Structures are given as structure tokens and as C-alpha cells.
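# Notes for the structure review
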Amino acid sequence: MPAGYKADFIPPVIGNELDRFTFTRNSVGSRRKKDGLIEQMPVDVPRLNYDYKTNCPYLLLEDKTSNLLPNSEDFTQSNWTTTNLNISTNQFAAPDGTNTGMKLTVGSTGERYASDNVTLAIGEKAQISCFAKAGTSGFFALSCVDAFGPTTDEAIGTFDLVRGIVGVTSLSSGLTPVLSIEPYNNGWYRCIMEFTASSNGAWNARIVASAQAIDDLTAPSGDFVYAWGAQAEVSQECTSYMKTGASIFTRVQESAVEALRSTPIRSPLGALYLEYENTADPVTGTRAISLSDGTRDDMVEIREEGVTTGRMVVEVVVKGVQQALVNVDNTRLLERNKIAVVWGVKGDIRTYLNGVAISLVEPINTFLPGVLNRLNLADPTGADNYHGHIYDLRVYDVMRFNMSSEEIDKFFTTLTN
């Protein structure tokens, strides 16, 4: 997987279609198609997402989150406040291909922006994002300020839309935001600013059209920039774009569970292979992928715990007795990783990461044939859903390899490389 998608389920690439994942998401969700355009996917339809100018999709799985900015594609609506900024709608092809890109023109010299208030709690990580396309100066900025105190803290980030790079955060006061930028079609970029709220209450999120240099937000009258798709969310990561109308929009948590029910592992030798990209460490709980009997008594689980940045944990339990607990460090956050767990060969458990055998646990007891019959992108009970990018997920009946121990080792070293 992923082989494709259908409403309510994800079919396997190889094997019985009855071994498919049951998929749920009780809301629409967006993805980027192979042609680079953003598309809204209906309720309970999985999302195979493409990064910019790539041919390899991944299964995109995200947690529940909300876009706190209504009318995300129209800053002329009443919830938006503007400061000497003239807004023209339907001026340019937007990242979804519709003619809904806005032109933001500075009405008089100074810092000019469109803004709306969002409610944040102290210690929450906030993500402010907006799609922008170069205008007069080629620069753009995002800002978020503690609207009514008690602080005067303000996060400010600038972006170079000509070169497609982040600018500076040195204009900020009391906060140190983190910036990122993502390319889209036709010169558009998604500009992202992350910061941690320092007080409770209203924060004013600003789409700044008056940036005229990497460290100057006071453009002269007549300067302009194109903008579309503003988003503010409380999240560990900036998630896929959520279009809003007159109110905020919440995309609910996605779940993919109950695969492999028709074809369990019928030998005591098996392997679980995963190619993935973790997009953020969880604050609480875990993000898990498991092969089990539906309980934690017989399971192979790969999980991201968030206690240590980038750490994955491999746990193997047979008949209620833990056989292995391996901390897999040095995984690359926001980069593709390959991990494999192999059990039963010479009575051991082997773990591989990115082409290196990193753990050998022996001796161990292994599973009875047929007991592992449930593959979840979650823990064995369907909780602690995985959120991130899944490029490839495979389950092997290793006994069918008819290989020596050394050949099996070479196979999984090469597979994870």
C-alpha cells in the first residue's frame, strides 16, 4: 500500500481485497493531486497526497484539527479587518485551480494587512499559514500578536516569494517563531509560521501584504501581493489546507484499521516493513502501527512516543509476555525512513532501520501460526491512530522465503536501505 483508494477502505497492492483497511474520516479533507492542484476529498475517502513535482504518493493521515479563520479565501468578508489595504477577489488562478486568488494592494505607506482574531491558550503551539504569490516586491509576511494583553508579544515571519525561501523572525517581540515554505503550482507558495502562545485569550492573526524587503514591512502605496487560503490552527504541525466559509471548519481524525483479517500470518516466521515520514512528535499518547490478534497479548507494534524527538519504539509481545522492547533513535523527522521488524528466524527478533541492522534480541518465543490476523494503522485495539505519511507498508510470511538466515538478513538490509 497505498495502491489506490475507494470510499470507506484502502485496498492492498498484493493479496486478497478482503484484507483491506477500513477507513473513516467523518468530514471532507484536502489533498494535493499528481498535477499539483489541491482537491477536496469527500467524507470517508482516503487521501493519496503528492508533494510538489513528485510521482510517488503517500497515504496522508491526520489528527483532528480546526481552521480558526472563517472565509479563508475571501478577506473582504466581515470577519476580516483590513488596514489601508485594498482587496480584489477572483484575480488569479489559486492553488486549487479556481479563479479565486486575491490581490492585496497597499492603500498607503505603512504596515498593511488583513486580520482576524483567534483564541489561543498559553503553551499551545499555533500554526499560521497562507498561500502567497509574488507581487511588486516579491516579499510577504505573517504575523500574530497578543491582541488584548497581558503581553505585547508578537510573532512575525517574512518570506521571499521570488526565491521561495523563508526570511527572518527578528522583527518578532517576545516570541521566536519557526518558519517554513512549500512550493505549489504557478508560483504559489504556502508560507507557514509556528509559535507557542504566551498568554490566554485573543490573538490577532495577520496576513501582511506590505513586506517590501526581508526585514521591512512598510511598503509604499500601490505595492501588491497575491494571497489565498489562510489558516490558523492549534497543532503540533501545519496540516493540510482546510477551506472555511462563514464559520471555522474542523477536519476530524482519520482511522485505517482491520486489514489482514482474511489472510493471517500462517507461520511462526514473519516481518513487518514500514516506509514512513513522521510529521511531528505527539504531545501525549503515541502514534502506532500494529500487527496483532486484536489485543496487546500477541502483537508487533511500531510506535512514535514523542518522549525523545524522532524516537520510534518496537515492541513484540507473545502470549502476554514481552519479547522485545527496542528504542529506535536517529530516525529523521520530516524525512522518509524505512524500518523492518523480523521475528522467528533462529529464535530471534531483528530490527532494521534505513539499511542498518540495529537490534538483535534472542532467544524469544514466537507466535503461533494464524494468531496475527489484524493490521492497524493504530494500536491493536484501534486507539492511538498513526498520523503522518505512509509510503509503503508490508507484511511478510518469512517462512515462504525459503532463505538462509544470512540471506534473510541481506534481504531486509537491502529493503530498508
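Residues numbered from 1 in each chain as written. Predicted model: local features only at pLDDT ≥ 70, side-chain atom pairs only at ≥ 80, totals over all residues. Heavy atoms only, no water.

### Describing the sheet that holds strand E29 (residues 356-361)
Strands in a sheet are paired, the pairing made by backbone hydrogen bonds, and the direction either parallel or antiparallel. Definition in use: Any two strands with at least two DSSP-identified bridges between them are counted as paired. Helix and strand assignments follow DSSP, with helices taken as H or I runs no shorter than four residues and strands as E runs no shorter than two, numbered in order from the N terminus. Whether two residues touch is decided by their heavy atoms; if any such pair falls within 4.5 Å, the residues are in contact. For helices, the fitted line uses only the C-alpha atoms of the stretch in contact; every axis is such a line through C-alpha atoms, and the angle between N-to-C directions lies from 0 to 180 degrees.
The strand order across the open sheet built from 7 strands is E5-E6-E31-E22-E27-E28-E29, with neighbouring strands paired in antiparallel fashion. On the outer flanks of this sheet lie strand E5 (48-49) and E29, each paired with one strand and no other. Alignment of E5 against strand E6 (residues 58-61), held across 2 bridges, turns out to be antiparallel. Each residue of the ladder has a partner; that of Asn 49, found in E6, is Tyr 58. Against the sheet, helix H1 (residues 405-415) contacts strand E22 (270-277), strand E27 (337-343), strand E28 (349-353), E29 and strand E31 (388-397), and its axis sits at roughly 30° relative to E28.

### Some thoughts on unusual backbone geometry
Cis rather than trans, the peptide bond between Gly 149 and Pro 150 has omega equal to 20°. Positionally, Pro 150 belongs in the loop between strand E13 (139-146) and strand E14 (154-160). Omega for the peptide link from Glu 362 to Pro 363 comes to -10°, which places this bond in the cis form. Relative to the assigned elements, Pro 363 resides in the loop between E29 and strand E30 (374-376).

### Focus: the sheet that holds E13
What the 6 strands build is an open sheet, ordered E8-E11-E18-E13-E14-E15; its pairing is antiparallel. Two strands bound the open sheet, and with one partner strand each, they are strand E8 (81-82) and strand E15 (165-166).

### Some remarks on the side chain of Glu 277
For the record, the criterion: Partly exposed describes any residue whose relative accessible area lies between the buried limit of under 20% and the exposed limit of over 50%, with all areas from a 1.4 Å probe on protein chains only and scaled to the type maximum. In summary, the charge assignment counts Lys and Arg as positive and Asp and Glu as negative, without counting His or the chain termini. Any carboxyl oxygen of Asp or Glu within 4 Å of a side-chain nitrogen of Lys or Arg constitutes a salt bridge here. In protein, a polar contact means a hydrogen-donor-capable atom and an acceptor-capable atom, both N or O and within 3.5 Å, with residues adjacent in sequence counting only if both atoms are side-chain atoms; elsewhere, any N or O pair within 3.5 Å suffices.
Examined against the element boundaries, Glu 277 turns out to sit in strand E22. The charged side chain of Glu 277 is buried without a salt bridge, its nearest counter-charge being Arg 336 at 6.4 Å. Within the structure, Glu 277 has its side chain in polar contact with the side chain of Tyr 391 (distance 3.3 Å). Ignoring anything within four residues of it in the chain, the contact list for Glu 277 reads Leu 334, Glu 335, Arg 336, Tyr 386, Gly 388, His 389 and Tyr 391.

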